[in-house]
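Structural features, examined
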Amino acid sequence: MLTAVDHVQLAAPPGSEGRLRAYYVHGLGMTETPKPPALAARGGCWFRAGAVQLHLGVETGFRPAKKAHPGLRVTGIDACAARIAATGAPVTWDDALPGHRRFFSEDPVGNRLEFLEPLPDGTATGERSRPGEQP
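Residues numbered from 1 in each chain as written. Predicted model: local features only at pLDDT ≥ 70, side-chain atom pairs only at ≥ 80, totals over all residues. Heavy atoms only, no water.

Details of the environment of Ser-16
Selection criterion: The helix count covers DSSP runs of H or I at least four residues long, the strand count covers runs of E at least two residues long, and both are numbered beginning at the N terminus. Any pair of N or O atoms that falls within 3.5 Å is considered a polar contact. Within protein, one atom must be able to donate a hydrogen and the other to accept it, and sequence-neighbouring residues count only if both atoms are side-chain atoms.
On the secondary structure map, Ser-16 appears in the loop between β1 (8-12) and α1 (17-27). Only 2.8 Å separates the side chain of Ser-16 from the backbone oxygen of Pro-13, close enough to count as a polar contact.

Structural data, given as structure tokens:
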């Protein structure tokens, strides 16, 4: 029986670790975790925030995932979006998921990521003004 998702692995091109660290540590507020020595020799980097683990593995012939993506639940979604935007990454809001506010972004190598925050009970849609927008 499944009990949890241990981690999600995304691919990245060789030599992209520095750009990935800037995005995942500074933009997402994650902490880089050391890879076991046998795996570290392969390149890539691992990140953690609480129970959430994202592994970025080096892939020759890398192509970013444009549809497939991890969905990351956040608190303080506006602050999260601002931190990510400050890295220069895109932030694209999407109000199509009832009961949530969410946006999509891309890491520095083009992998798609979804960020979502459930709305308070009783709110049916994600349509809510964001800072700087009129209700």
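Once you've had a look at it, read on.
Structural notes on the layout of surface pockets
A probe matching the size of a water molecule, rolled over the atoms, marks out where space remains unfilled. This is how the line gets drawn: Every definition here rests on a 1 Å grid over the protein atoms only: cavities are sets of points where a 1.4 Å probe fits but cannot get out, pockets are open sets enclosed by protein on both sides within 12 Å along at least five of seven lines, and lining residues have some atom within 4 Å of a point. Grid points are joined across faces, edges and corners, and a volume is the space filled by probe spheres set on the points. Residues are grouped as follows: Ala, Val, Leu, Ile, Met, Phe, Trp, Tyr, Cys and Pro are nonpolar; Asp, Glu, Lys and Arg are charged; every other residue, Gly included, is polar.
Computed from the structure, the largest pocket encloses a volume of approximately 280 Å³. Contributing to the lining of the largest pocket are 13 residues, with Leu-28, Ala-49, Leu-72, Arg-73 and Val-74 lying nearest its centre. Of all the secondary structure elements, the ones that give two or more residues to the lining of the largest pocket are β5 (71-73) and α3 (77-86). The element that contributes the greatest number of residues to the lining of the largest pocket is β5, accounting for three residues. Grouping the constituent residues of the lining of the largest pocket by class yields eight nonpolar, three polar and two charged.

Here's the deal with the packing of aromatic side chains
How we decide: Pairing of aromatic rings covers Phe, Tyr and the six-membered ring of Trp, with a centre-to-centre limit of 6.5 Å; geometry is then stacked below 30 degrees between planes, edge-to-face above 60, and tilted otherwise. Each residue is assigned to one of three classes by its accessible area relative to the maximum for its type, calculated with a 1.4 Å probe on protein chains only: buried under 20%, partly exposed between the two thresholds, exposed over 50%. Geometrically, a lysine NZ or arginine CZ counts as sitting over a ring once it is within 6 Å of the ring centre and also within 35 degrees of the ring normal.
With the rule as written, the count across this model stands at four aromatic pairs. Judged by centre distance (4.9 Å) and plane angle (20°), the ring pair of Phe-103 and Phe-115 falls under stacked. Of this pair, Phe-103 sits in strand β7 (residues 100-106) while Phe-115 sits in strand β8 (residues 112-118), and the two are 12 residues apart along the sequence. Using a relative accessible area of 0% as the deciding quantity, one classes Phe-103 as buried. Of the residues examined, Phe-115 reaches a relative accessible area of 1% and is grouped as buried. Through successive ring pairs, a cluster of aromatic residues spans Tyr-23, Tyr-24 and Phe-47. When the ring centre of Phe-104 is taken as reference, the NZ or CZ atom of Arg-112 above it lies at 4.0 Å.

Things to note about the sheet that holds strand β3 (residues 45-49)
To be explicit about the condition: At least two bridges found by DSSP between two strands is the condition for calling them paired. Only the contacting stretch of a helix is used when fitting its axis, a line to C-alpha atoms as for every element, and angles between N-to-C directions run 0 to 180 degrees. The contact rule is simple, with two residues in contact once any of their heavy atoms fall within 4.5 Å.
With respect to topology, four strands assemble into an open sheet ordered β1-β4-β3-β2, the strand pairing being mixed. The open sheet is flanked by β1 and β2 (31-33), the only strands paired with a single partner. Taken over all neighbouring pairs, the strand axes of this sheet differ in orientation by 30° on average, direction set aside. In this structure, β2 lies alongside β3, joined through three bridges in antiparallel fashion. Following the sheet pairing, Thr-31 is matched in β3 by Arg-48. α1 contacts β1, β2, β3 and β4 (52-58) of the sheet and is inclined by roughly 5° relative to β3.

Don't take any of this as a statement about function, it's just geometry.
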